[in-house]
Amino acid sequence: SPLAADLGIRFISKYLGYKEKIHQLRWIAIGHSTARYLEEVYAIEADYPDIESSEGLLESDLLTDVSLDLFPTLLFGSYKGRDLIGQYYQSIGRQLVNLDLYTVHALVYSTASWQSWLNQDTLVRAVSITSEKILVAWRNQLLIHPRLRENYFIIAPSKRLVSLSKSSGFSNVVQSDS
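Residues numbered from 1 in each chain as written. Predicted model: local features only at pLDDT ≥ 70, side-chain atom pairs only at ≥ 80, totals over all residues. Heavy atoms only, no water.

Novice: It is not clear to me how the nonpolar core should be interpreted in this structure. Could you clarify?
Specialist: If you look at soluble globular proteins, the nonpolar side chains tend to sit buried side by side. Counting residues in each nonpolar core, the largest one holds 14 residues, and the members touching the most others are Ile 9, Ile 22, Trp 27, Leu 38 and Ile 44. Considering every element that reaches this core, the biggest residue donor is helix H1 (residues 2–15), with four residues. Look past the residues within four positions of Leu 38 in its chain and what remains in contact with it is Ala 5, Ile 9, Trp 27, Ala 43, Ile 44 and Ala 46. (Core = buried A, V, L, I, M, F, W, Y, C linked by side-chain atoms within 4.5 Å. Buried < 20%, exposed > 50% of the residue type's maximum accessible area, 1.4 Å probe, protein only. Helix = DSSP H or I, 4+ residues; strand = E, 2+ residues; numbered from the N terminus. Contact = heavy atoms within 4.5 Å.)

Novice: Got a minute to help me understand the side chain of Asp 6 in this structure?
Specialist: With respect to the element layout, Asp 6 can be found in helix H1. Side chain to side chain, Asp 6 and Tyr 42 meet in a polar contact 2.3 Å long. (Polar contact = N/O pair within 3.5 Å; in protein donor to acceptor, adjacent residues only side chain to side chain.)

Novice: It is not clear to me how helix H4 (residues 83–92) should be interpreted in this structure. Could you clarify?
Specialist: Within an α-helix, residues lying three or four positions from one another point in the same direction, as the helix has 3.6 residues per turn. Within H4, burial applies to Leu 84, Ile 85 and Tyr 89. Along the long axis of H4, the arc covered by the buried residues comes to 135°, so they all point the same way. Across H4 from its buried face, at more than 90 degrees, point the exposed residues Gln 90 and Ser 91. Positive backbone phi, at 75°, marks Gly 93, one or two positions downstream of H4. (Arc of directions from axis to C-beta.)

Novice: Help me out: how do you make sense of the pairing of strand E6 (residues 153–156) in this one?
Specialist: As a general feature of sheets, a regular strand has side chains that alternate between the two faces. What you see with E6 is a clean split: Ile 154 and Ala 156 sit on the buried side and Phe 153 and Ile 155 on the side with no burial. Where E6 lies against strand E7 (residues 173–175), three bridges are found, and the strand directions are parallel. Looking at the pairing, Ala 156 lines up with Gln 175 of E7. Regarding the hand of the β-α-β motif, the stretch spanning E6, helix H7 (residues 159–167) and E7 is right-handed. (Pairing = 2+ DSSP bridges. Right-handed = clockwise from strand over helix to strand, strands pointing away.)

Novice: What is the right way to look at a nonpolar patch on the surface in this model?
Specialist: Where nonpolar side chains cluster on the molecular surface, the patch consists of Phe 153, Ile 155 and Val 174 and spans about 230 Å² of accessible area. By the secondary structure assignment, Val 174 is in strand E7. (Patch = residues over 30% accessible without salt bridge, like charges linked within 9 Å, V, L, I, M, F, W, Y side chains within 5 Å. Areas by Shrake-Rupley, 256 points an atom, 1.4 Å probe, with all protein chains shown as cover. Salt bridge = Lys/Arg side-chain N within 4 Å of Asp/Glu carboxyl O.)

Novice: What's the story with the sheet that holds E6 in this structure? I'm lost.
Specialist: The strand order across the open sheet built from three strands is E5-E6-E7, with neighbouring strands paired in parallel fashion. Whereas interior strands pair on both sides, the edge strands pair on one side only; in this sheet they are strand E5 (126–128) and E7. Sheet twist, expressed as the average angle between the axes of neighbouring strands with direction ignored, equals 25°. In the sheet, E5 pairs with E6 via three bridges, with the strands oriented parallel. Along E6, the bridge assignment pairs Ser 128 with Ile 155. Strands in contact with H7 are E6 and E7; relative to E7, the strand with the most contacts, it is inclined by about 175°. (Axes fitted to C-alpha atoms, helices over the stretch in contact; angles between N-to-C directions.)

Novice: Can you help me understand the pattern of salt bridges in this one?
Specialist: Side chains that differ in charge, positive against negative, can pair when their charged atoms come close. A full pass over the atoms with the stated rule returns four salt bridges. Residues Arg 26 and Asp 47 are paired through a salt bridge, measuring 3.5 Å at the closest nitrogen-oxygen approach. Taken as a pair, Arg 26 in the loop between H1 and strand E1 (27–28) and Asp 47 in strand E2 (residues 46–47) lie far apart in primary sequence, 21 residues in all. The class for Asp 47 is partly exposed, based on a relative accessible area of 33%.

So this is what it looks like as structure tokens:
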């Protein structure tokens, strides 16, 4: 995210003494908006995968560069935000320094807000699950609000999230095209 990029650059500039070297590093963003932010704010050119997600990055050829084996990779993000990338690096024996620069908290809706929405007799047709955290949050909402357990589709952007959704008990799960 642009937030992670900004905090990460500030961190490595101040604490690692990389202020003068940030343009010599190889930068890979998860998505176009972060790459554009790096270009506009720091004049840093960053690559990013066609499918803008952790899964998309791992499926791309951006991490196959052998020079990545020579130095540790710094991963900027939220606490537990890119576990999949960390697991991948561990599985291939590459060095990864995960800089957890901030935390993300799930939105908590008041019972009154949910009740108001549920009272509108709204029928949920599809739920977009874009991360494991969102899957867990949705599953938790189903425990609290049984009315949400109606027949709907889960739409997930990757095979991994489709599999996780199915193993969480959801039956109508489809993978989005992009």
